[in-house]
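# Survey of secondary and tertiary structure
What follows is the residue order along each chain.
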Amino acid sequence: IGLMPLCLVGAAPLLAEGASVDWSAIYMRDVFDAAPFIGGLGPTIFSLAIALGRLFMDPIVDRYSPKLVAVALLGITTFGLVTVATAAHPGIALVGFALIGIGCSSLYPLAISAAAQRTDRPSPVNVAALSQTTFIVFFVGPPMLGFVAEHFGIRMSYWVVIPVVLAA
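First, a word on what this report is: a plain description of the structure on this page. (Residues numbered from 1 in each chain as written. Predicted model: local features only at pLDDT ≥ 70, side-chain atom pairs only at ≥ 80, totals over all residues. Heavy atoms only, no water.)

## Some words on the overall build of the protein
As a reminder of what qualifies: Secondary structure elements are defined from DSSP: runs of H or I of at least 4 residues count as helices, runs of E of at least 2 residues count as strands, and each element is numbered from the N terminus. Atoms counted for the radius of gyration: C-alpha only. Globule rule: 2.2 Å times residue count to the power 0.38. When a residue's accessible area, from a 1.4 Å probe over protein chains only, is under 20% of the maximum for its type it is buried; when over 50% it is exposed; and in between it is partly exposed. Only heavy atoms matter for contacts: two residues are in contact if any of them lie within 4.5 Å across the pair. Asp and Glu count as negative and Lys and Arg as positive, but His and the ends of the chain are not part of the count. Just so you know, the charge point we use is NZ for Lys, CZ for Arg, CG for Asp and CD for Glu.
For the protein, the helix and strand inventory stands at 9 helices and 0 strands. Beginning at the N terminus, the succession of helices and strands in the protein can be written as α-α-α-α-α-α-α-α-α. Here the C-alpha radius of gyration of the protein, 16 Å, is about what a compact globule of 168 residues would show, namely 15 Å. Projected onto its principal axes, the C-alpha coordinates of the protein cover approximately 50 × 35 × 20 Å. Within the protein, the fraction of its 168 residues that count as buried is 43%. The long-range fraction of contacts in the protein, counting pairs at least 24 apart against all pairs at least 6 apart in sequence, stands at 75%. Within the protein, the 8 negative side-chain charges are centred at a point lying 9 Å from the centre of the 7 positive side-chain charges.

Structure follows, in structure tokens:
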């Protein structure tokens, strides 16, 4: 039970990541009738942002607390999801995908680090428990979001991720 909040912090960005990597090109095509090149920029920009976030986040975590950085990243992720869900132009959606990438970039590593630092069980047990729990979301999330998109529209598949991120 004590590890469940960390599991939520680890799972939320994986759900947002699945929405961005797996569905952004389809979102761009379906919502904006974007050309394949523009549609392909969704996963590309998201991936670039997540990579840059992971490369440059350590000094920020060192300067501020991991908890403060995690809260800020969850806020950035939420703002990015809302931006994508409400975008009226492809460029705005691409900015949203970049924000989601930055927001998701270090949340999972921060959750793993926090699980390893817990003293209630051995570190490997906590890390394994968090990893197994969060990867269920990583594998179940994209098909679930596809179901939502099929029945309620692809914009709604981004809205349903927001409560999970806010709960984290």
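## Some points on the side chain of Ser106
Inspection of the secondary structure puts Ser106 in the loop between helix H5 (90-104) and helix H6 (107-117). When residues no more than four places from it in sequence are discounted, the contact partners of Ser106 are Gly53, Arg54, Met57 and Leu73.

## Concerning the packing of aromatic side chains
Note the threshold: For this analysis, a ring pair means two rings from Phe, Tyr or Trp (six-membered ring only for Trp) whose centres lie within 6.5 Å, classed as stacked if their planes differ by under 30 degrees, edge-to-face if by over 60, and tilted for the remaining angles.
Enumeration according to the criterion identifies 8 aromatic pairs in this entry. An angle of 65° between the planes, with centres 5.9 Å apart, marks the rings of Phe97 and Tyr158 as edge-to-face. Of the two residues, Phe97 sits in helix H5 while Tyr158 sits in helix H8 (residues 154-159), which places them 61 residues apart along the sequence. Seen from their ring centres, Tyr108 and Phe135 are 5.7 Å apart, and the 70° between their planes marks the pair as edge-to-face. Residue Tyr108 is located in helix H6, and its partner Phe135 is located in helix H7 (residues 123-152); the two are separated by 27 residues in the primary sequence. For Phe135, a relative accessible area of 32% gives the class partly exposed. Of the aromatic side chains, those joined through ring pairs into one cluster are Tyr27, Phe32, Phe97 and Tyr158.

In short, geometric facts, not functional conclusions.
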